[in-house]
Amino acid sequence: MAMLFKPLVYTQEQVRWLETRGLVYHVLMDFLSRPPRMSLIAQWRHRLGMNHRIEGDEGWRKLRLFLESIDEDSFRRVCHQEAEEYTRLFTGHEAIVPACESIYRSRLEGENAVACIARVSKNYMDNGIVFNKLNGERDDHIALELEFMAVLAEGMLAKVNLQQSCLALADSQISFLRLHLLRWAHLFSRELLQATDSPLYQAVAELMDLFLTEDFNSLCAWRNSQQEAEH
């Protein structure tokens, strides 16, 4: 006997949110995963120039305006400066801003670092996600946690008409935000804001600080709306 499921319900605003949230996770992940070379900045300047659907977010607006403001004569110099700033902020033992969850959680909560990393890794494994870590990144690095959310966000959009798969992906994202990213990413963003004068990384910090909470609230609201539609 075939199992029948009611179709998922979306408002127009929720459709726009589903289409754009993965893009935000990707831009954050890209600029926090490696020094931003010319090709990366050129790629995002084009993509953000084509996409104006997140106008309400100040960090998004600042990032788009900064990328659009780079003229061709200074493009190479600005890219070099931002790559050097990434190295100064995040690279090596002299990194100014730690970029791993376990460092913040051990400082804030006395969390055991090994146990924290193990729980993050288990989330990846439980969702069938394996990252190609070219530079030996730890699983609890901010860029990998954001990439995990980006992958699940894209999966949710791709399975928008498959009720159980879509709901399961939403639940995984809500859980990961609550138990991991929202426990430390706000402090990371604020430390980044204080540590840099770079318009690129100030915009990235502002965007992440607001977006994660907004995305969590939107996920929870959408999930609750589906439960209500079932009754």
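Residues numbered from 1 in each chain as written. Predicted model: local features only at pLDDT ≥ 70, side-chain atom pairs only at ≥ 80, totals over all residues. Heavy atoms only, no water.

A. A look at the overall build of the chain. Along the backbone of the chain there are nine helices and zero strands. Order of helices (α) and strands (β) in the chain, N terminus to C terminus: α-α-α-α-α-α-α-α-α. For the chain, the C-alpha radius of gyration of 18 Å lies close to 17 Å, the compact-globule estimate for 231 residues. By the burial criterion, 48% of the 231 residues in the chain qualify as buried. Nonlocal contacts in the chain, meaning residues at least 24 apart in sequence, comprise 71% of its contacts between residues at least 6 apart. In the structure as shown, the chain presents an accessible area of about 11900 Å², 54% of it carried by carbon and sulfur atoms. Positive and negative side-chain charges of the chain, numbering 25 and 33 respectively, have mean locations separated by a distance of 3 Å. (Helix = DSSP H or I, 4+ residues; strand = E, 2+ residues; numbered from the N terminus. Rg over C-alpha atoms; globule rule 2.2 N^0.38 Å. Buried < 20%, exposed > 50% of the residue type's maximum accessible area, 1.4 Å probe, protein only. Contact = heavy atoms within 4.5 Å. Areas by Shrake-Rupley, 256 points an atom, 1.4 Å probe, with all protein chains shown as cover. Lys, Arg positive; Asp, Glu negative; His and termini not counted. Charge placed at Lys NZ, Arg CZ, Asp CG, Glu CD.)

B. Region of interest: the side chain of Ser172. Mapped onto the elements of the fold, Ser172 is located in helix 8 (residues 163-195). Beyond its immediate chain neighbours, meaning those up to four positions away, Ser172 contacts Asn127 and Leu152.

C. Looking closely at the packing of aromatic side chains. Considering all chains together, one arrives at twelve aromatic pairs under this definition. Pairing Tyr124 with Phe131 gives two aromatic rings, centres 4.9 Å apart and planes at 90 degrees, and the pair type is edge-to-face. For the pair Tyr124 and Phe131, a shared accessibility class is recorded, and that class is buried. (Phe/Tyr/Trp six-rings, centres within 6.5 Å; stacked < 30°, edge-to-face > 60°.)

D. Inspection of the packing of helix 4 (residues 75-90) against helix 8 at higher detail. For the pair helix 4 and helix 8, the least separation of the axes is 12 Å and the interaxial angle reads 120 degrees. The orientation of helix 4 with respect to helix 8, classified from their angle, is oblique. For helix 4 against helix 8, the interelement crossing comes out right-handed. Within the contact between the two elements, helix 4 uses Glu85, Arg88, Leu89 and Phe90 and helix 8 uses Phe188, Leu192 and Ala195. Of the residues in the contact of helix 4 with helix 8, the class split is five nonpolar, no polar and two charged. (Axes fitted to C-alpha atoms, helices over the stretch in contact; angles between N-to-C directions. Parallel < 35°, antiparallel > 145°, perpendicular 65-115°, else oblique. Left-handed = near helix turned anticlockwise from the far one by under 90°. Nonpolar A, V, L, I, M, F, W, Y, C, P; charged D, E, K, R; others polar.)

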